[in-house]
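Here is what each chain is made of, one letter per residue.
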Amino acid sequence: MTILEAKHIKKSFYDPKRMEVLSDISLTLSAGESIAICGRSGEGKTTLLHILGTLEAPDFGTLAIGNHPVNFRNAHRIRQQCIGFIFQSFNLLEDFSVLDNVLMPARLARQPTDKNSPAHQNAIANLLEVDLADRAHTLAKFLSGGERQRVAIARALCNDPFLILADEPSGNLDHANAGRIGQLLMHCVKAKNKSLILVTHDHNLASLCDRQYLLKDGVLS
Amino acid sequence: MGIFELTIAFRYLVPRKKSLSTALVSLLSVVVISLVVWLVLVFLSVTAGIEKNWLQKLTALHAPLRLTPTEYYYNSYYYRADAVSATSDYSLKTIGEKAESRHSDPYSAESDAEIPMNWPSPERHSDGRLRDPVKETFALLKDLNVDYQDYEISAALLRLNLNYPSPSQNNATLSQMSYLLSFMDQNPRFASLIVPPSIEDLNAMLSSNESTSLESILANCVISEIRVSSLDPMLIPEKTSLIAFVHPQKSNEAIIPLDRQESIPDGWLKGRLARNGARWFWTNNQDKIIEKPSIRTLSPLTLSVHDLTLARQLSDIQLSVRGTIQQTAIQHKIKWGNAIVSVAEMKIKFDQFPRIAPPWVFEVNGRSHLPQTSAIQSFLLPKSYRDMGVRIGDRGTLNFASAGAASVQDQRIQVEVAGFYDPGLFSMGGRCLIVPKTITRTIHATSQIFSPDGTPTNGISIWGDAEKMDNTKVQIENSLRKTGLLSYWKISTYKDFEFSKELFQQFRSDRTLFLMIAILILIVACCNIISLLVLLVNDKKREIAILQAMGASQFSIAAIFGFCGLIMGALSSIIGTAAAIITLNHLDIVVGFLSTLQGHAAFQPAFFGQSLPNQLSSEALLFVFIATPLLSLLAGLIPALRASRIRPSIALRHE
């Protein structure tokens, strides 16, 4: 079953001259499949990931996620229900607790998040999985880099999305933590049967994915 | 959309160390808006209170709604027929007389002169009866369940003999051309205008030979303290003596100081005053004894009254008194003599009609009554007459000219002052006497008067809640139209009265002007919110992008910052309202401070009343609680829209 289908995606930036970052990208992702996109810095990996994650609109081309064509109106709903993001710089809400961060997608989706709610129990289960259940009430700003990224993984799984988009998840971590996070991410994705698009420099991490692509001169190969 | 956005908005507004500038701007915004809310509430509440006070003052004497006869009425056969009818003594009738008259059509074709050809034809019912607009209107008003009464205004020359024993005004006469307004016992608000009788009034009534009977005065007042300047010898306690002085040349008079230390004029002989049964004497302990001297106190002695026995004459009244003189307690039954009342309570409010009515204006269950204890007609004067030395019980005459067939005769009606009232703002208020209806009718029958302030001299007053008078007016208008009586009457509310129209228009203009200024100040104050929220949006750009990545819609993001504005507006409204309530509760202190600062009264009592109104105006509160959050929300919209347009991909990439 196709989870994501991108056709002829093009994207250019003007700085001040027009610079085509993505020339003609087409990509299909099936349920439970994981792909890694590698490439040098500035090749447009993050731009591609943002387009695939509906955070940015392509100049040209179409995108369908879970058989729904993506447009301006339904983009936030698709992000809410279908996609979990993991960023290189963690992007947690610093003044909120770990649990609040993990529950945030559920709150945005207007799900009940009281103690007995399924969303709350799911969040606790996810925190157990990333081994942070004991820090549920710690403010995010007091966590270490590795812990933050684990919270981000738990948050990405909150609304039980079928697609996880990870942008250099180990990019800001030391070697040991990077390895652990990579393993944890792959474990969670496989265990919960999620599809994964992983943008990374890390060839070891990329090798854990089902397919690997190289983004070069705006084209995937 | 709701709880989630509100929670985030609250979180964003909590000051944090990291964002000190935002916290400072937010504090400043709340302080400025609270100050504006405070100012608006205090000002609007005070002005609304002043307007309400004026409205009550104006409509207490003159009802808030008035029906006055139109030209159509005065030209009608119904009105003019009295002038040619023997039954009506060939004199035109007032509305009150028309209402009480047994004949709607007094004219008799057999005995009365022929009706002039140019008169309009009589308006008749289908059964041939003459239409009686006055009686029909009264019946209609009765059905509408409103308080109403006819009124009449006339004029006469008042000549009043002033009896109050005052050195400069003793036995003076006051002469003044005055307007006479008929007393309206149906007026439910008139009682609030009555100035209670004073101790001076009571002393004047008691000392006046012309005053109404002692019985009616003393039956309606409780005298608790008197002052005497001569001492009844029976008050000297036996087996003790008091210091007293006698003049060598006036040996039949002893002067007794109230205090032993009180100084005495030179040349007086010091001695002691003692009593033994019915014998009292002064002695200086040497050889001089004066038997039964008259005793005068050096300064007036205050005695408390415990019992009073009535008598025909004031001087024969017996009083059980107690007091202290030269640290000695005194107590006895004494005769009134030349006592002056210093403390007394005069009854003006009664639950039921008193068996013996007081000689002053009184109130039974909220309705005012003029005394009818003497054959002389009682009347009320504006309170300013008090300053001229007029007291209750003063008598005089109302003089008016009556034009006969061959000459003009001077007529007089004997009258007695029964009290004073507060005329409020009424152009002829200072010269308007309130007299029984019989007087206005007597004068009206002889001459027609035009009032100087445009108040029609005859009409029907209708009382009720002044603020709902526009509705009552429409109701009466519709009823009159339906019954075909509208052409006989002009209906006007207090807003149309000549003497009050401009004042109320000015009040309205002032209020509108201040409301506009208040809205402008509020807008300026709320603009602070824009700067605060722009800072906040810049500060939270990354978090906005994170929320968007997790699926927050643009609307949600806008709502968070809209709520920030709303919360600040609501918080400022609450703080400002609390401050306004505290200020209004301590308004006298604020006014006192302002007066001290200026060196004269900050608010003239003549216009603002004895103290400024301090009731929080519900209208002002409603305005503040709608306008402030609304303006804050609007101010929050600009940054909110900006926040919602943040592109998450750019904001996240910059991190």
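Residues numbered from 1 in each chain as written. Chains lettered and ligands numbered in written order. Predicted model: local features only at pLDDT ≥ 70, side-chain atom pairs only at ≥ 80, totals over all residues. Heavy atoms only, no water.

(A) Spotlight on the overall build of chain A. Secondary structure assignment for chain A yields seven helices and 10 strands. Burial status across chain A gives 57% buried among its 221 residues. In chain A, the share of contacts with a sequence separation of at least 24, taken over all contacts with a separation of at least 6, comes to 72%. Working note: accessible area of chain A is about 9,700 Å², and carbon and sulfur atoms make up 51% of it. (Helix = DSSP H or I, 4+ residues; strand = E, 2+ residues; numbered from the N terminus. Buried < 20%, exposed > 50% of the residue type's maximum accessible area, 1.4 Å probe, protein only. Contact = heavy atoms within 4.5 Å. Areas by Shrake-Rupley, 256 points an atom, 1.4 Å probe, with all protein chains shown as cover.)

(B) Examining the nonpolar core more closely. Counting 99 residues, the largest nonpolar core has Leu4(A), Leu27(A), Ile197(A), Leu547(B) and Phe561(B) as the members making the most contacts within it. Ranked by size, the runner-up nonpolar core spans 61 residues in total, among them Leu174(B), Ala254(B), Trp282(B) and Val435(B). (Core = buried A, V, L, I, M, F, W, Y, C linked by side-chain atoms within 4.5 Å.)

(C) Here's a closer look at the side chain of Glu94(A). Along the chain, the position of Glu94(A) falls in the loop between strand 6 (83-86) and helix 3 (98-108). Given the relative accessible area of 15%, Glu94(A) is considered buried.

(D) Spatial organisation of the packing of aromatic side chains. Applying the stated rule across the entire model yields 16 aromatic pairs over all chains. Between Tyr12(B) and Phe561(B), the ring centres sit 5.9 Å apart and the planes meet at 40 degrees, which makes this aromatic pair tilted. Here the residue Tyr12(B) occupies a position in helix 1 (residues 3-13), and Phe561(B) occupies one in helix 14 (residues 554-585), the gap between them amounting to 549 residues. No difference in accessibility class separates Tyr12(B) from Phe561(B), as the two residues are buried. Taken together through their ring pairs, the aromatic side chains of Tyr72(B), Tyr73(B), Tyr74(B), Tyr78(B), Tyr79(B), Tyr488(B) and Trp489(B) make up a single cluster. The residue whose ring lies beneath Lys10(A) is Phe60(A), and the NZ or CZ to ring-centre distance is 5.4 Å. The side chain of Lys98(B) reaches across the aromatic face of Tyr78(B), ending 4.0 Å from its centre. (Phe/Tyr/Trp six-rings, centres within 6.5 Å; stacked < 30°, edge-to-face > 60°. Lys NZ or Arg CZ within 6 Å of the ring centre and 35° of its normal.)

(E) Looking closely at the sheet that holds strand 2 (residues 18-30) of chain A. Residue and element names in this part refer to chain A. One open sheet accounts for four strands, arranged 2-1-4-5; its pairing is antiparallel. If you trace the sheet from one side to the other, it starts and ends with strand 2 and strand 5 (68-69), each paired once. Judged from the nine bridges that link them, strand 1 (residues 2-14) and strand 2 form a sheet pairing that is antiparallel. In the sheet register, glutamate 5 faces strand 2, and the bridge partner there is threonine 28. The strands touched by helix 1 (residues 45-52) within the sheet are strand 1, strand 2 and strand 4 (60-65), with strand 1 carrying the most contacts at an inclination of about 130 degrees. (Pairing = 2+ DSSP bridges. Axes fitted to C-alpha atoms, helices over the stretch in contact; angles between N-to-C directions.)

(F) Structural view of the pattern of salt bridges. Summed over the entire model, instances satisfying the criterion amount to 32 salt bridges over all chains. Arg647(B) is paired through a salt bridge with Glu56(A); the nearest N and O atoms lie 3.5 Å apart. You can see Arg647(B) sitting in the loop between helix 17 (618-644) and helix 18 (648-654) and its partner Glu56(A) sitting in the loop between helix 1 and strand 4, one on each of two chains. Classification of Arg647(B) as partly exposed rests on a relative accessible area of 44%. Its relative accessible area of 5% is what places Glu56(A) among the buried residues. The partner of Asp100(A) in a salt bridge is Arg11(B), with the nearest N and O atoms 3.2 Å apart. Of this pair, Asp100(A) sits in helix 3 while Arg11(B) sits in helix 1, placing the two residues on different chains. (Salt bridge = Lys/Arg side-chain N within 4 Å of Asp/Glu carboxyl O.)

(G) Up close: unusual backbone geometry. The backbone of Asn67(A) sits at a positive phi, close to 65 degrees, despite the residue not being glycine. Even without being a glycine, Arg110(A) presents a positive backbone phi close to 60 degrees.

(H) Quick look at the interface of chain A and chain B. Counting residues at the interface gives 27 residues for chain A and 26 residues for chain B. Across the chain A/chain B interface, buried area totals approximately 2,300 Å², and carbon plus sulfur atoms make up 55% of it. Its largest share of buried area at the contact with chain B, chain A owes to Asp95(A), Leu108(A) and Arg110(A), together 24% of the area lost on that side. Scanning the region where chain A abuts chain B turns up three salt bridges. A salt bridge links Glu5(B) to Arg110(A), with the nearest nitrogen and oxygen atoms 2.7 Å apart. Connecting chain A to chain B are nine residue pairs in polar contact (both at pLDDT 80 or more). Among the elements that line the side of chain A that touches chain B, the one with the most residues is helix 3 of chain A, at five residues. (Buried area = accessible area lost by both parts, 1.4 Å probe. Polar contact = N/O pair within 3.5 Å; in protein donor to acceptor, adjacent residues only side chain to side chain.)

(I) Quick look at the environment of Asn67(A). All names here are of chain A. Secondary-structure assignment places asparagine 67 in the loop between strand 4 and strand 5. Residue asparagine 67 is classed as exposed on the basis of its relative accessible area of 61%. Along the chain, asparagine 67 and isoleucine 3 lie 64 residues apart, while their C-alpha atoms are 7.0 Å from each other.

(J) Representation of the sheet that holds strand 17 (residues 367-369) of chain B within the structure. Residue and element names in this part refer to chain B. Ordered in space as 15-16-17, the three strands form an open sheet in which the pairing is mixed. Looking at strand neighbours, the two that pair on one side only are strand 15 (349-350) and strand 17, the edges of this open sheet. Judged from the two bridges that link them, strand 15 and strand 16 (residues 362-364) form a sheet pairing that is parallel. Residue lysine 349 lies in a different strand from strand 16, and its bridge partner there is glutamate 363.

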